[in-house]
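Notes for the structure review
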Amino acid sequence: MLGLAILFGLFVWIVITLMSTMIGYKIGKKAHYPKMGALTGFMLIMGGWIVYWIIEFAYIQAKVSYLCKKEAGITVYVTPEQWRKQIGEEEWEKLKPFTDKESDQRYAIYNNKTLSFDNRIYKYTRGNMRAGNIENTRLSYYDFYDKIGIVPIISHILVDENTKKILVKKTYFIYTKKWEDLRIWTASRNCSDTIHKQFHNIALKYSNHN
């Protein structure tokens, strides 16, 4: 039903645009500028959306860029070297990164688990990633999602489950414009890719990969 409603709305929009173009053509013809009149009629309907999207895109780009510079980044509370000394070499030797199966098993147990930190409620999420899993028997991965205005803020933390210490945190901003399931554009000045890579490289150091 929703799809039919969208198609009907699109049909009405096209009809109105054609009518506006024809009316503009007739008015322009009387003034000896029929093509200019047709273009004006077309832009009054169709062009308004284009102008709106351009203004919206520019605003979001500026907003995301500002937030990335002001609030995004990585915060290390306990370095991998410090944490290794705190838990001791015997414990360190036991810490191997989870396999995907082990990560799924933990998720089945922890999937509703939350953690309060920095006035935010973080929810447990899987730490298995293409470049290498960052969880082990002692470390867990939590995420937080909210919005500043219309721009989403995403934050993740790596947590020592034994002591509840927050070891490292990442925060980033990214905005994607969608229409139904179609992605129209993503704010290109977002800071997610760089922060993801930096965070992952740091997080891997909290596990014994040798």
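Whatever comes next refers back to the structure up there.
Here we summarise the structure given alongside this text. (Residues numbered from 1 in each chain as written. Predicted model: local features only at pLDDT ≥ 70, side-chain atom pairs only at ≥ 80, totals over all residues. Heavy atoms only, no water.)

Now for helix 3 (residues 80–87). Of all the residues in helix 3, the buried ones are Pro-80, Trp-83 and Ile-87. Looking straight down helix 3, one finds that the buried residues subtend no more than 60° of arc, so they occupy a single side. In helix 3, the exposed positions angled more than 90 degrees off the buried face are occupied by Glu-81 and Lys-85. Two residues or fewer after helix 3 comes Gly-88, characterised by a positive phi angle close to 90°. (Buried < 20%, exposed > 50% of the residue type's maximum accessible area, 1.4 Å probe, protein only. Helix = DSSP H or I, 4+ residues; strand = E, 2+ residues; numbered from the N terminus. Arc of directions from axis to C-beta.)

The subject of this paragraph is unusual backbone geometry. A positive phi angle, near 55°, is found at Asp-118, a position not held by glycine. Mapping Asp-118 onto the fold places it in the loop between strand 2 (114–117) and strand 3 (120–124). On the basis of relative accessible area, Asp-118 is assigned to the partly exposed category, the value being 44%. A positive phi angle, near 65°, is found at Lys-164, a position not held by glycine. Classification of Lys-164 as partly exposed rests on a relative accessible area of 42%.

The final tally for this structure, using the stated rule, is one disulfide. With its sulfur 2.1 Å from that of its partner, Cys-68 forms a disulfide with Cys-191. Across the S-S bond linking Cys-68 and Cys-191, the dihedral sits near -80°, which makes this disulfide left-handed. Of this pair, Cys-68 sits in helix 2 (residues 34–70) while Cys-191 sits in the loop between strand 8 (182–186) and helix 6 (192–204), and the two are 123 residues apart along the sequence. Since its relative accessible area comes to 12%, Cys-68 is described here as buried. The buried category is assigned to Cys-191, whose relative accessible area is 14%. (Disulfide = S-S within 2.5 Å.)

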